[in-house]
Amino acid sequence: MLTPSRVRYRRPHRGRRKGKAYHNNEVLYGQFGLQTLEAAWITANQIESARIAINRVVKKYGRTYIRIFPDKPYTKKPAETRQGSGKGNVEGYVAVIRPGQILFEVECALGAEVCKMALTRAGHKLPVTWRIEEKSEL
């Protein structure tokens, strides 16, 4: 599972989910990319399950690029705890996603249909709406 080696703030504020992705919004490394259409938090478990779904289809004939990393800790208070007594403990890590951001990229020697099928299976593991974006040649 993906976790950062160290974080600047142990229990940060939640932040806001507004705005578009101005960085990481083009397919750079692979032939096809999975682009999100809405803002969300994607957990490390969801990233890992999408990665496994891609690798099951592509196998050794292609390459997968993960363009996001879960570097924001999120906290949770224990069940049946009264209000007050501070913020909860760190439960896991999430990647903050903005609309238009590329999540995964795939290049494959088996053809475009296999790449699109792999990204479709990965997209079903994620809690966002998405589309498959093709690399634009300039």
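## Some thoughts on the nonpolar core
And step 1. Counting 23 residues, the largest nonpolar core has Ile54, Leu103, Phe104, Val106, Leu119 and Leu126 as the members making the most contacts within it.
And step 2. At the level of elements, β1 (32-36), β2 (40-43), α1 (44-58), β5 (89-97), β6 (102-108) and α2 (112-123) are the ones that each hand at least two residues to this core.
And step 3. Not counting chain neighbours up to four residues away, the residues in contact with Leu126 comprise Leu34, Ile42, Gln46, Ala50, Leu103 and Phe104.

## Topic: the pattern of salt bridges
When their charged atoms lie close together, side chains carrying opposite charge are able to pair.
And step 1. Evaluated as defined, the whole model comprises three salt bridges.
And step 2. Note that Glu48 and Arg51 form a salt bridge whose closest N and O atoms lie 2.6 Å from each other. Placement of both Glu48 and Arg51 in helix α1 is noted, with a separation of three residues, approximately one turn of the helix.
And step 3. For Glu48, a relative accessible area of 24% translates into the label partly exposed.
And step 4. Overall, the relative accessible area of 27% leaves Arg51 in the partly exposed class.

## Points about the state of the cysteines
And step 1. Taken as a whole and assessed by the stated rule, the structure comprises zero disulfides.
And step 2. Cys108 takes part in no disulfide bond, and the closest cysteine sulfur to it belongs to Cys115, at a distance of 4.4 Å.
And step 3. By relative accessible area, Cys108 is classed as buried at 7%.
And step 4. Judged by relative accessible area, Cys115 falls into the buried class, the value being 0%.

Rules used in this analysis
- Residues numbered from 1 in each chain as written.
- Predicted model: local features only at pLDDT ≥ 70, side-chain atom pairs only at ≥ 80, totals over all residues.
- Heavy atoms only, no water.
- Core = buried A, V, L, I, M, F, W, Y, C linked by side-chain atoms within 4.5 Å.
- Buried < 20%, exposed > 50% of the residue type's maximum accessible area, 1.4 Å probe, protein only.
- Helix = DSSP H or I, 4+ residues; strand = E, 2+ residues; numbered from the N terminus.
- Contact = heavy atoms within 4.5 Å.
- Salt bridge = Lys/Arg side-chain N within 4 Å of Asp/Glu carboxyl O.
- Disulfide = S-S within 2.5 Å.

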